[in-house]
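This is what each chain is made of:
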Amino acid sequence: KQIIAIIRMNDANVYYHLTPVSMASNVSTVHIIRPMPQRSALVIRNSQYYEITCKNKLLQLLQIGFLGIKLGKRPEVKAIISFFSFPYGFIALIVGWLTRKPVHLGYVGSDWGRYCQSWYGIILNILMNRAQLITVTGKSTKQEMVRKKYNPEKIFHLPHSIDINAYKDIPPERRG
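Residues numbered from 1 in each chain as written. Predicted model: local features only at pLDDT ≥ 70, side-chain atom pairs only at ≥ 80, totals over all residues. Heavy atoms only, no water.

Caption draft 1: Fine view of the sheet that holds strand β1 (residues 2-6). Strand order in the open sheet formed by seven strands is β3-β2-β1-β4-β5-β6-β7, with parallel pairing between adjacent strands. Edge positions in the sheet fall to β3 (47-51) and β7 (155-157), since each has one partner strand and no second. With direction set aside, neighbouring strand axes in the sheet form an average angle of 20°. In terms of strand pairing, strand β2 (residues 29-34) meets β3 through five bridges, oriented parallel. Its bridge partner being in β3, Arg34 is matched across the sheet by Glu51. Seen against the sheet, helix α1 (residues 11-22) touches β1, β2 and β4 (77-83) and runs at an angle of roughly 155° to β2. Most of the contacts of helix α3 (residues 88-99) go to β4, to which it runs at about 160°, and overall it touches β1, β4 and β5 (103-107). (Pairing = 2+ DSSP bridges. Helix = DSSP H or I, 4+ residues; strand = E, 2+ residues; numbered from the N terminus. Axes fitted to C-alpha atoms, helices over the stretch in contact; angles between N-to-C directions. Contact = heavy atoms within 4.5 Å.)

Caption draft 2: View of α3. With 12 residues, α3 should reach 16 Å at 1.5 Å per residue; the first-to-last C-alpha distance of 16 Å fits that figure. Among the residues making up α3, those that are buried are Tyr88, Gly89, Ile91, Ala92, Leu93, Val95, Gly96 and Thr99. Looking at the buried residues of α3, the elements they touch are β1, α2 (57-72), β4, β5 and α5 (121-128). Note on α3: the residue one or two positions beyond its end, Arg100, has a positive phi of about 60°. (Expected span 1.5 Å × (residues − 1). Buried < 20%, exposed > 50% of the residue type's maximum accessible area, 1.4 Å probe, protein only.)

Caption draft 3: Examining the side chain of Gln2 more closely. Considering the arrangement of structural elements, one finds Gln2 in strand β1. Look at Gln2 and you get buried, because its relative accessible area is 13%. Within the structure, the side chain of Gln2 is placed 2.6 Å from the side chain of His31, a separation counted as a polar contact. Excluding residues that lie within four positions of it along the chain, Gln2 makes contacts with Ser28, Thr29, His31, Arg74, Glu76, Val77, Lys78 and Ala79. (Polar contact = N/O pair within 3.5 Å; in protein donor to acceptor, adjacent residues only side chain to side chain.)

Caption draft 4: Broad picture of the layout of surface pockets. Roughly 420 Å³ of internal volume is contained in the largest pocket. For the largest pocket, the lining is made up of 24 residues, of which His17, Phe83, His104, Thr135 and Leu158 are closest to its centre. Of all the secondary structure elements, the ones that give two or more residues to the lining of the largest pocket are α1, β4, β5 and β6 (133-136). Grouping the constituent residues of the lining of the largest pocket by class yields 17 nonpolar, seven polar and no charged. Taken as a whole, the second largest pocket spans an internal volume of roughly 210 Å³. (1 Å grid on protein atoms, 1.4 Å probe; cavity = no way out; pocket = protein on both sides within 12 Å on 5 of 7 lines; lining within 4 Å. Points joined across faces, edges and corners; volume = space filled by probe spheres on them. Nonpolar A, V, L, I, M, F, W, Y, C, P; charged D, E, K, R; others polar.)

Caption draft 5: The pairing of β6, seen in detail. With four bridges connecting them, β5 and β6 associate as parallel partners. Opposite His104, over in β6, you have Leu133 as the bridge partner. As paired elements, β6 and β7 share three bridges and run parallel to each other. Counterpart to Val136 in the pairing with β7 is His157.

Structure (structure tokens):
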């Protein structure tokens, strides 16, 4: 299976969020569509990188959408991933709707609340209800989404965490 990732994150965050996806046994390729160059040596296995270089923001967003649709029409592409709502999650939702592919939206921190309270929040909330999967890093964000009538069966709490017990026997000066 192939997956499309429509995102704007720095290289480290792209690597952090998409490497687990690329390692899934049923994922053969992650198509990464980003409006910025890859500058680091962090490489995600099984990925194809598409840099959108247009300087005009509106044209850049349209190019991202058209490329997402072009890739999304491929039968081997099974899903679309995005993080944050606007504008990239919004584009991912439109691409998913037009190509009939499921969409995952991921939220970090309180970003969801900020987006939903903005001028485009009403439209965004309507579109977000079309997402097949939503992940959040905080339990309170999930609870707030459920209060706002999002389907709790679509929302999963995936905290960003580390196992502090792994550092228990390491002297403080050697912890990195």
